[in-house]
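Coordinates in review
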Amino acid sequence: MNEHRLSARLERVAAHVPAGARLADIGSDHGYLPVALVRRGAISAAVAGEVALTPFLSAQRTVRDNGLEAQVSVRHADGLAAIAAQDGITAVSVCGMGGETICAILEAGKAYLSGQERLILQPNGGEQPLRQWLMDNGYRILVEEVLRENRFDYEIIVAERCEAVRYSAEQLYFGPLLMAARSPAFLVKWRRMLRQKQQTLDNFARARQAVPEEKVREMTRQARWISELLG
């Protein structure tokens, strides 16, 4: 993967960035996503934010090697602090980290958001708390995708600020749109997850030390939800 050829996962993220957007890619790593989109003429400008020094330098090199310093600003900053008001950001992507970490970035960086941005989020697990954060902060989920790459299931969640929206506990767990669409990739993921939950419950039952009752109850509830979903 590089700025010329994105991974399947990042290609799906790229597909949800509005044409002509001014993108802030937070945790940009090598800067491949913003550079690829600018190279394609898909967006007008970008900020690549990175808190870790090594990937920050790598992103700088990617931008410099492509001669895009005027269109892609690489910033060494923590989360959404990479964004300045004068950037006029219209889309924010946060990809490749846990859902809880993405929640923490969004919560800590609220002051840097105007509320007009589209959020394109690709959590590595932790989708449920991320959806909870979006609901609690007035974001409606517009698009959800699930895809499998390199033996991992990835979800993409696209959201925008809107009127208040409420999702059920099951919708927060599975994804309201994924749950409704029931795509083949979604069903395969949850069949696999059901086997894992059932194995975990079996391990709990055989454990020498008592497993906390709340943990068993939560796992049992999740397994029941998945069984009901798969019908």
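Remember, it's a predicted structure, so these values are computed and weren't measured experimentally.

Criteria and cut-off values
Residues numbered from 1 in each chain as written. Predicted model: local features only at pLDDT ≥ 70, side-chain atom pairs only at ≥ 80, totals over all residues. Heavy atoms only, no water. Salt bridge = Lys/Arg side-chain N within 4 Å of Asp/Glu carboxyl O. Buried < 20%, exposed > 50% of the residue type's maximum accessible area, 1.4 Å probe, protein only. Helix = DSSP H or I, 4+ residues; strand = E, 2+ residues; numbered from the N terminus. Pairing = 2+ DSSP bridges. Right-handed = clockwise from strand over helix to strand, strands pointing away.

Turning our attention to the pattern of salt bridges. Tallied over the entire structure, the rule returns 16 salt bridges. Of the charged contacts in the structure, one is a salt bridge between Arg-148 and Asp-153, with a shortest N-O distance of 3.1 Å. Take Arg-148: its relative accessible area is 40%, and that puts it in the partly exposed class. A relative accessible area of 21% means that Asp-153 is categorised as partly exposed. When the shortest N-O distance is used, the salt bridge between Arg-224 and Glu-228 registers 3.7 Å. Taken as a pair, Arg-224 and Glu-228 lie in helix α9 (residues 213–230) at a separation of 4 residues, close to a single helical turn. Using a relative accessible area of 54% as the deciding quantity, one classes Glu-228 as exposed.

A word on the environment of Gln-209. Note on placement: Gln-209 falls in the loop between α8 (184–206) and α9. What makes Gln-209 exposed here is its relative accessible area of 68%. When the C-alpha positions of Gln-209 and Leu-37 are compared, they lie 53 Å apart, and in sequence the two are 172 residues distant.

In this section: the pairing of strand β3 (residues 72–76). Taken residue by residue, a regular strand's side chains alternate between the two faces of the sheet. Where strand β2 (residues 43–50) lies against β3, 5 bridges are found, and the strand directions are parallel. Each residue of the ladder has a partner; that of Val-47, found in β3, is Ser-73. Tracing the backbone out of β2, into helix α3 (residues 53–65) and back to the parallel element β3 gives a crossover that is right-handed.

Structural measurements only, silent on function.
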